[in-house]
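So the chains spell out like this:
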Amino acid sequence: MTTTNDSFAPVDELNSPINPFKRLPLTALRIFEAAGRTGSFAAAAVEVDLSRSAVSHAIRKLEESANLTLFVRTTRAITLTHEGRLLLAHVQRGFDEMQRGFQQARPEAKEMPLRLHTAPSFGTQWLMPRLARFVADHPGINLRFSADTRYAKFDNDDYDIDVVYGAPAASMHEAMPLVIEELTPLCTPALAARITTAQDLYGLPLIQSDGQSVQWRGWFDANNLRTPGDFALAFDRSAMAIAAAVDGLGVVMESTLLAERELASGRLVAPLRGQTTSVRYVGHYLVHPRSQHRHAALVRFKQWLLAELGHAEPAAVAGPLR
């Protein structure tokens, strides 16, 4: 029934798009989203400020109302069912759309900044030299940067996107390998003048990158050579090891991606490239919550990042490169 009474004007319930969902409380959907995203009723309880039993009860009521089984429960864990994963994706998009609507309804509100977390050496060596281009091409996007070796967990909505070093653990988040990197000995042109074969490395100071998952031993093994017993210098950051090599302190076995600027300027060269076996592997991955479609800046930054890498999506491989 419809009415033109200004004080009370209900819409025709049969034509309302909301009608089929009247039995599904919005609060229960929020609890379901938190539990599905975190994979834990306990974590969801902390997030929504309820007891674990209240979260479990709300999920059960939601399952009964929707006539769906959303989780497989064991004594130690919960796992989304196929129906649960499908519903979670749609619920997250729905919440994203609602948040976007509220933001657009406040014309005075500024666009939220894009909060980027990155592995330190990738940020310093590869990202920062290119940042001016991104800023120039996207003047309306405000960026907030943070860098350390820990992975962003996204649990507290503290970051939007993360560039991590090393394959991330399996999670609900979107994760993709960025590029296959080449590892080869790098040094100054002055030191390179003393290197004609791989055997010459034994008489030179070698710089170890302790933070690399593939180190000097991996390179010597790939070339069927004995690994030296000790190294002149060791650093826990690739950026520091590359800087030491630029200063002429020794030969570093590093990623040509991270040393791209130094190689392009001629401050570093790769004296054994082409005559020895390099090591190639996927070192960096891009990770972000699957539900972050609401942030248009994230989509633009991701597109820019992949374009800068000349992205052809690689398989996660590691091995020698001749």
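So, here's what we can say about the structure. (Residues numbered from 1 in each chain as written. Predicted model: local features only at pLDDT ≥ 70, side-chain atom pairs only at ≥ 80, totals over all residues. Heavy atoms only, no water.)

1. Re the packing of aromatic side chains
Taken as a whole and assessed by the stated rule, the structure comprises eleven aromatic pairs. Taken together, Tyr202, Trp216, Trp219 and Phe220 form an aromatic cluster joined through their ring pairs. (Phe/Tyr/Trp six-rings, centres within 6.5 Å; stacked < 30°, edge-to-face > 60°.)

2. Things to note about the pattern of salt bridges
A complete count under the given rule lists eleven salt bridges for this structure. Between Glu47 and Arg37 there is a salt bridge; the shortest N-O distance is 2.4 Å. Separated by ten residues along the polypeptide, Glu47 in helix 2 (residues 41-48) and Arg37 in helix 1 (residues 26-38) bring together distant segments of the chain. Residue classification places Glu47 among the partly exposed positions, given a relative accessible area of 34%. Given a relative accessible area of 18%, Arg37 falls into the buried group. Note that Glu308 and Arg133 form a salt bridge whose closest N and O atoms lie 2.7 Å from each other. Taken as a pair, Glu308 in helix 10 (residues 296-308) and Arg133 in helix 5 (residues 120-137) lie far apart in primary sequence, 175 residues in all. Salt bridges sharing common partners tie together Arg130, Arg133, Glu260 and Glu308. (Salt bridge = Lys/Arg side-chain N within 4 Å of Asp/Glu carboxyl O. Helix = DSSP H or I, 4+ residues; strand = E, 2+ residues; numbered from the N terminus. Buried < 20%, exposed > 50% of the residue type's maximum accessible area, 1.4 Å probe, protein only.)

3. As for the sheet that holds strand 5 (residues 161-165)
Read across the sheet, five strands follow the order 4-3-5-12-6 without closing on themselves; strand pairing throughout is mixed. Edge strands, defined here as strands with exactly one partner in the open sheet, are strand 4 (143-147) and strand 6 (174-177). Neighbouring strand axes in the sheet, compared pairwise and without regard to direction, differ in orientation by 20° on average. Both strand 3 (residues 114-118) and strand 4 contribute to a ladder of five bridges, which runs parallel. (Pairing = 2+ DSSP bridges. Axes fitted to C-alpha atoms, helices over the stretch in contact; angles between N-to-C directions.)

4. A closer look at the side chain of Glu262
Within the element layout of this structure, Glu262 appears in helix 9 (residues 260-265). Although buried, Glu262 forms no salt bridge, and the nearest oppositely charged side chain, Arg267, lies 4.1 Å from it. Setting aside residues up to four positions removed in sequence, Glu262 forms contacts with Gln125, Ile242, Val246, Arg267 and Leu268. (Lys, Arg positive; Asp, Glu negative; His and termini not counted. Contact = heavy atoms within 4.5 Å.)

5. Looking at the side chain of His288
For His288, the position within the fold is in strand 12 (residues 284-288). A polar atom in the side chain of His288 sits 3.1 Å from the side chain of Lys302. Leave out the neighbours within four places in its chain, and His288 touches Phe154, Asp160, Ile161, His173, Glu174, Leu298 and Lys302. (Polar contact = N/O pair within 3.5 Å; in protein donor to acceptor, adjacent residues only side chain to side chain.)

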